[in-house]
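# Commentary on secondary and tertiary structure
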Amino acid sequence: MKKSEKINSSDVTPESVFFMKRRKLLKLLGLGVSGVAISSAVKADLFSWFSGDEKPAIPQIERKTLIFIQPEEYQSQLTLTPEDKVTGYNNFYEFGLNKSDPAEYAHTMKTDEWTVTIDGEVNRPMTLNLDDIQNKFALEERIYRMRCVEAWSMAIPWVGFPLAKLLSLVEPTSKAKYVAFETRYAPEEMPGQKSRFIGGGLPYPYVEGLRIDEAMNPLTLLATGVYGKSLPNQNGAPIRLVVPWKYGFKGIKSIVKIRLMESIPPTTWNLSAPSEYGFFANVNPQVSHPRWSQATERFIGSGGFGQVSRQPTLLFNGYGEQVADLYKGMDLRRFF
Ligand SMILES: Nc1nc2c(c(=O)[nH]1)N[C@H]1C(S)=C(S)[C@@H](COP(=O)(O)O)O[C@H]1N2
Ligand SMILES: [Mo]
């Protein structure tokens, strides 16, 4: 090797390598250039700059086939968003801000030996592992509309069970007015939790909350699967919340803690930008986000992303019949 081509390992940062000639790069990566150690993190970054066949396959975590019932009332005539889009176009800032980042990087989160602790204002606090949960609650498939606050939407066949069943098991006390949720905190596995460049500067762990009557509503689901199989990490494995009449950010992923509380719990997007994201976050076409209208949405169906169809947004995302009573007499503009 010519002297001028020598590279020290300390020079091999993603930025430096980005500007290297492609040929030199490939040589570095593949051919064991002596004296150069490239960390696997840098390697992963490098590979992500190549396209198609030069990219290593994304490690796929095995998804278990689930057994579930299909209650009539939760099936629907909706056109489903195809599975590859439900599992490939995601928001999970712990793994990056691009919609493709979660599918590409979330496999680093470890989901074996997962437990969920339920405590606070309850008579029977408990910690359940995933088998306990799977054994205690029969799974059902429910097709729900999902509306992200960014004005895109999907129709998704979740598999899960009503949160109300879990809450009944722990017996909330009369002081339990709210339910708080928390995502796993493991910065070594979830790089966005320690880097604001990856995680968008949100406070972590991601936290969410519901009023107790919202949490007890039969529509509110704890999902452990999607499209008939256990959740892939990018969708919030092994267990996540789905609240179909609220904006998608209420659907906190990869839950490890559920706490019943007397006072209103903090929520991540509200902490981050309180004038833009409220506690309630009910889907409402008449209440604009400060920076865009919520009147319509781009439905992500089977067409290419360039030709998604625009459709009107529905009050409570179309679930008004089941949930409007929860907000009787409330000013939905003030409590957005
Ligand atoms: N922990 C955690 N949960 C999260 C998010 C996140 O960044 N971190 N994003 C939310 C947002 S903005 C949306 S729209 C949904 C997306 O869920 P999906 O990727 O399964 O469609 O997850 C929500 N839950
Ligand atoms: Mo979202």
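What counts, and at which threshold
Residues numbered from 1 in each chain as written. Chains lettered and ligands numbered in written order. Predicted model: local features only at pLDDT ≥ 70, side-chain atom pairs only at ≥ 80, totals over all residues. Heavy atoms only, no water. Pairing = 2+ DSSP bridges. Helix = DSSP H or I, 4+ residues; strand = E, 2+ residues; numbered from the N terminus. Axes fitted to C-alpha atoms, helices over the stretch in contact; angles between N-to-C directions. Contact = heavy atoms within 4.5 Å. Buried < 20%, exposed > 50% of the residue type's maximum accessible area, 1.4 Å probe, protein only. 1 Å grid on protein atoms, 1.4 Å probe; cavity = no way out; pocket = protein on both sides within 12 Å on 5 of 7 lines; lining within 4 Å. Points joined across faces, edges and corners; volume = space filled by probe spheres on them. Nonpolar A, V, L, I, M, F, W, Y, C, P; charged D, E, K, R; others polar. Salt bridge = Lys/Arg side-chain N within 4 Å of Asp/Glu carboxyl O. Near = heavy atom within 4 Å. Polar contact = N/O pair within 3.5 Å; in protein donor to acceptor, adjacent residues only side chain to side chain. Areas by Shrake-Rupley, 256 points an atom, 1.4 Å probe, with all protein chains shown as cover. UniProt positions renumbered as here; feature names shortened; annotations may be inferred.

Take the sheet that holds strand β10 (residues 255-261) next. One open sheet holds the five strands; their spatial order is β2-β1-β10-β5-β6, and the pairing between them is mixed. At either margin of the open sheet sits one strand with a lone partner, and together these are β2 (126-129) and β6 (207-211). Sheet twist, expressed as the mean angle between neighbouring strand axes with direction ignored, is 15°. Relative to β2, strand β1 (residues 115-120) is paired through four bridges, and the arrangement is antiparallel. For isoleucine 118, the partnering residue across the bridge sits in β2 and is methionine 126. Helix α7 (residues 163-170) contacts β1, β2, β5 (178-183), β6 and β10 of the sheet and is inclined by roughly 135° relative to β2.

Turning our attention to the environment of glycine 199. Relative to the elements of secondary structure, glycine 199 occurs in helix α8 (residues 196-199). Residue glycine 199 is classed as buried on the basis of its relative accessible area of 0%. The spatial distance from the C-alpha of glycine 199 to the C-alpha of phenylalanine 95 is 6.6 Å, given a sequence separation of 104 residues.

Moving on to empty space enclosed by the protein. Where empty space is left becomes clear once a probe the size of a water molecule has been rolled over the atoms. If you walk through the whole model with that rule in mind, you get three cavities of 30 Å³ or more. By volume, the largest cavity is sized at about 110 Å³. Every residue lining the largest cavity is counted, 14 residues in all, and those nearest its centre are Met146, Val242, Val243, Gly248 and Gly251. For the lining of the largest cavity, the secondary-structure elements that each account for two or more residues are β3 (140-147) and β9 (240-242). In the lining of the largest cavity, the residues fall into seven nonpolar, two polar and five charged. Empty space within the second largest cavity amounts to approximately 70 Å³. Together, Pro59, Gln60, Ile61, Pro102, Ala103, Ala106, His107, Pro232, Asn233 and Gln234 line the second largest cavity.

Moving on, we get to the pattern of salt bridges. Following the criterion strictly, the structure yields twelve salt bridges and no others. With a closest N to O distance of 2.9 Å, aspartate 119 and arginine 259 form a salt bridge. Here the residue aspartate 119 occupies a position in strand β1, and arginine 259 occupies one in strand β10, the gap between them amounting to 140 residues. The exposure class assigned to arginine 259 is partly exposed, which follows from its relative accessible area of 40%. The shortest N-O distance in the salt bridge between arginine 211 and aspartate 213 comes to 2.8 Å. The exposure class assigned to arginine 211 is buried, which follows from its relative accessible area of 15%.

The next point concerns the site of ligand 1. Taken together, 17 residues lie near ligand 1, and Asn90, Tyr93, Glu94, Gly251 and Lys253 sit nearest. Within the backbone of tyrosine 93, an N or O atom sits 2.8 Å from an oxygen atom of ligand 1. Separating an oxygen atom of ligand 1 from a side-chain N or O atom of asparagine 235 is a distance of 2.9 Å. Coverage of ligand 1 by the protein amounts to 98% of the 530 Å² it exposes when considered alone. The class makeup of the residues in the shell around ligand 1 is eight nonpolar, six polar and three charged.

What follows deals with the UniProt feature "binding site: Mo-molybdopterin" (unreviewed entry) in the chain. Sequence positions flagged by UniProt for "binding site: Mo-molybdopterin" (unreviewed entry) are, in local numbering, Asn90, Tyr93, Glu94, Cys148, Thr183, Asn235, Arg240, Gly251, Ile252 and Lys253. Those annotated residues lining the largest cavity are, specifically, Arg240 and Gly251. With a relative accessible area of 17%, tyrosine 93 lands in the buried category. Setting aside anything within four residues of it in sequence, one finds tyrosine 93 in contact with Glu150, Gly192, Ile198, Gly199, Leu202, Tyr204 and Trp269. Assignment of secondary structure puts glutamate 94 in the loop between α4 (83-86) and α5 (101-105).

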